[in-house]
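# Summary of structural features
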Amino acid sequence: MGNARTALVTDIIRRYLVYKGYNVKLVQNLTDIDDKIINRAAELGVSAKQLAHQNGEAFFEDSQRLGIQPADVHPKATEHIPEMIDLIQILLDKGAAYVIDGSVYYRVNQFAEYGKLSNRKPEDLLAGARVEIDERKEDPRDFDMWKAVKPGEPSWESPWGRGRPGWHIECSAMAMKHLGETIDIHAGGEDLQFPHHENEIAQSELATGTPFARYWMHVAFLKIDGKRMGKSEHNFILLRDALDNYPTEVIRHFLISAHYRHPLDYNRESLTKSEGALRRLNNCLDALKNYYEDIEPSETTAMKSQFTLAMDTDFNTAQALGAIFTLVGEVNKSLSTLDEAAAPVLAQAYQALTETCQVLGIYNTDTQIDDGDNVQQRDQMINLLLEIRQDARNRKDWETSDKIRDRLKELNIEIKDTREGTTWKIIS
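The rules behind the values
In every chain, residue numbers begin from 1 and rise along the written sequence. Per-residue local features are limited, in this predicted model, to residues with pLDDT of at least 70; the limit for side-chain atom pairs, both in listing and counting, is 80 or more; totals at the level of whole chains, interfaces and linings are taken over all residues. Where side-chain values are given, they derive from all heavy atoms of the structure, hydrogens and water being excluded. UniProt positions are given in the numbering used here, feature names are shortened, and annotations may be inferred rather than shown by experiment. Buried means the residue's accessible area, taken with a 1.4 Å probe over protein chains only, is under 20% of the maximum for its type, while exposed means over 50%, and partly exposed covers the values in between. The way it works is that DSSP assigns letters per residue, a run of H or I at least four long becomes a helix, a run of E at least two long becomes a strand, and they are numbered from the N terminus. A strand pair is defined by DSSP finding two or more bridges across the two strands. Residues adjacent in sequence count toward polar contacts only when both atoms are side-chain atoms; beyond that, a polar contact is any pair of N or O atoms within 3.5 Å, and within protein one must be able to donate a hydrogen and the other to accept it. Any two residues whose heavy atoms approach within 4.5 Å are treated as being in contact. pLDDT is a residue-level measure of predictor confidence that goes from 0 to 100. For the purposes of this section, nonpolar cores are sets of buried Ala, Val, Leu, Ile, Met, Phe, Trp, Tyr and Cys residues that join through side-chain atoms within 4.5 Å. To estimate the expected span of a helix, subtract one from its residue number and multiply by 1.5 Å. Only a pair of cysteine sulfur atoms within 2.5 Å qualifies as a disulfide here. To define axes, lines are fitted to C-alpha atoms, for helices over the stretch in contact only, and angles between the resulting N-to-C directions are given on a 0 to 180 degree scale. Any angle that falls under 35 degrees is termed roughly parallel, while one over 145 is termed roughly antiparallel, one within 65 to 115 roughly perpendicular, and all others oblique. By the definition used in this description, the sense in which the near helix is turned from the far one sets the handedness, with an anticlockwise turn below a right angle giving left-handed and a clockwise turn giving right-handed. Just to be clear on terms, a salt bridge is a Lys or Arg side-chain nitrogen sitting within 4 Å of an Asp or Glu carboxyl oxygen.

The chain is annotated in an unreviewed UniProt entry as Cysteine--tRNA ligase of Geodia barretti. The UniProt entry for the chain carries the following comment under Sequence similarities (unreviewed entry): "Belongs to the class-I aminoacyl-tRNA synthetase family." Listed under Subcellular location (unreviewed entry) in UniProt, the entry text for the chain is "Cytoplasm".

What follows is the structure, encoded as structure tokens:
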């Protein structure tokens, strides 16, 4: 689920930029060879290639279920070994790397701006890095770009002997191959800021002499009941398990209910709130379908302006959702008056809501309930009327509240108000 949040944020950023008229090329690389894969494959008694393939397929399957659109390119590390070797050779030629026993290390002290992304002081950098103890390195902060072959590990030929690439060089080489020396946006989890992204910057910018990325977007951790979710904490939840229990749109709504830089707590209460929010949204849109007509697209409405302002402010999905549900509340009030003169306004509201909700991926007109499914549509309409009635009761608008109750009774639908809420049943 934590990794799903990062992937979903990237998906929504891409959707929004396309919505705004940008031509977007999204590259989402697959690290199909590294220490963790090799170690886990050994534990399972399978090859690293087989394990990487299985997890890659699972990733694509889960992403599709969450409604994440495929990237334009999904490069694999093992398919870019020549590019990695070339990049390492450039750094060797510049004196920014050195070879020891078939392994190649990056000289951190050759990059004066090392630490600029994470704003860490040189003396603090070592403490925060996952540093392998290796007395051969010139500086404990130096990191490997090429690892000399070890028995039983996958390896490739290189000018320094057989071996395999380090994690950091993989990402730099693939990014530059498919997006050029400078990319616009680099996204990832906040735990990757240091040392991974810091090392990407160091090796890429020293090699090319140009900025590696114009903007960095680090997605905050997902928590569970107030504690960080992760494998090391033994409390992680698989996305596919969550999707087995909740609809796609509910999970998407939950994952974007807070700004991507802010932590988000996964708990039943939060998911219940997202379920309720999506129910209100769907009920509202189902009711608005009756007013929809072929009208000219509206360039600006108050809600769309607020939505755009929120998304233009560092992709603030929480505020964007606020704009959407404010309009949902206003629509419900308009529907409660049953004013036919409001039909054009309601049609515009339907257009604005579907347009913005599809940007966030929380409403898809292609997958909604078919109009012929009368029973389910009837239930949604009744629930919508009950929500409108409850809003009226909260405003002490007893006339509207009683009118809805009486009209439903005429249709043989009896409602009952209790402490737990309002229930209804069909009487024969």
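What follows picks up the thread again.
## A short note on the pairing of strand β6 (residues 213–219)
In terms of residue burial, β6 counts as a mostly covered element, since five of its seven residues are buried. Sheet topology note: the strand β5 (residues 183–189)/β6 ladder contains six bridges and is parallel. Looking at the pairing, Ile183 lines up with Ala213 of β6.

## Considering the side chain of Arg15
For Arg15, the position within the fold is in helix α1 (residues 2–19). At a separation of 2.8 Å, a polar atom in the side chain of Arg15 contacts the side chain of Asp11. Discounting residues that sit within four places of it in the chain, Arg15 has contacts with Gly67, Gln69, Arg252, Gln358, Val359 and Gly361.

## Re the confidence of the model for the chain
For the chain, per-residue confidence averages 89 on the pLDDT scale, and 91% of positions sit at 70 or higher. Below a pLDDT of 50 lies the segment residues 367–373, which in the model reaches nine contacts outside its immediate sequence neighbourhood of four places, other chains included.

## Examining the nonpolar core
General note: in soluble globular proteins, nonpolar side chains tend to be found buried as a group. The biggest cluster of nonpolar side chains holds 71 residues, and the ones touching the most others in it are Met1, Ile251 and Tyr266. With nine residues, helix α12 (residues 317–337) is the single largest residue contributor to this core. In this view, Tyr266 contacts Met1, Leu222, Lys223, Ile224, Asp225, Met229, Ile237, Ala242, Tyr246, Phe254 and Leu271; residues no more than four positions away in its chain are not counted. In this structure, Tyr106, Trp160, Ile201 and Trp216 belong to the second largest nonpolar core, which totals 40 residues.

## Some words on helix α7 (residues 193–208)
Every α-helix winds through 3.6 residues per turn, so residues three or four apart in the chain are directed the same way. The first and last C-alpha atoms of α7 sit 21 Å apart over 16 residues, in line with the 22 Å expected at 1.5 Å per residue. When you tally the buried positions in α7, you get 14 out of 16 residues, the bulk of the element. Positive phi shows up at Gly209, right after α7, with a value of about 80 degrees.

## A closer look at the state of the cysteines
In this structure the tally under the stated criterion is zero disulfides. Free of any disulfide, Cys357 has its nearest cysteine sulfur in Cys284, 9.2 Å distant. We classify Cys357 as buried; its relative accessible area is 0%.

## Some details on the packing of helix α6 (residues 167–179) against α7
Closest axis-to-axis distance for the α6/α7 pair is 9 Å, and the angle between their directions is 55 degrees. In terms of their interaxial angle, α6 and α7 are classed as oblique. The interaxial crossing formed by α6 with α7 has right-handed handedness. Facing α6, whose interface residues are Trp167, His168, Ile169, Cys171, Ser172 and Met176, α7 presents Pro195, His196, Asn199, Glu200, Gln203, Ser204 and Thr208.

## A word on the sheet that holds strand β8 (residues 227–228)
Taken together, the three strands give an open sheet; going across it, the order is β8-β7-β9, and neighbouring strands pair in mixed fashion. This sheet does not close on itself; its edge strands, each paired only once, are β8 and β9 (264–266). The sheet contact formed by strand β7 (residues 222–224) and β9 spans three bridges and is parallel. Residue pairing for β9: Lys223 is matched across the bridge by Asp265. Along the sheet face, helix α9 (residues 248–255) touches β7 and β9 and points at about 140 degrees away from the line of β9.

## Section: the pattern of salt bridges
Within this structure, the stated rule accounts for 28 salt bridges. Of the charged contacts, one joins Arg164 and Asp35 as a salt bridge, the two residues approaching to 2.5 Å between their closest N and O atoms. On the criterion of sequence distance, the pair formed by Arg164 in strand β4 (residues 163–165) and Asp35 in helix α2 (residues 35–44) is long-range, its members being 129 residues apart. Residue class for Arg164 comes out buried when judged on its relative accessible area of 4%. With a relative accessible area of 29%, Asp35 lands in the partly exposed category. Among the ionic pairs, Lys273 bridges to Glu269, the shortest N-O distance being 3.7 Å. With Lys273 and Glu269 both in helix α10 (residues 268–288) and four residues apart, this pair spans about one turn of that helix. Here Lys273 falls in the exposed class, since its relative accessible area comes to 56%.

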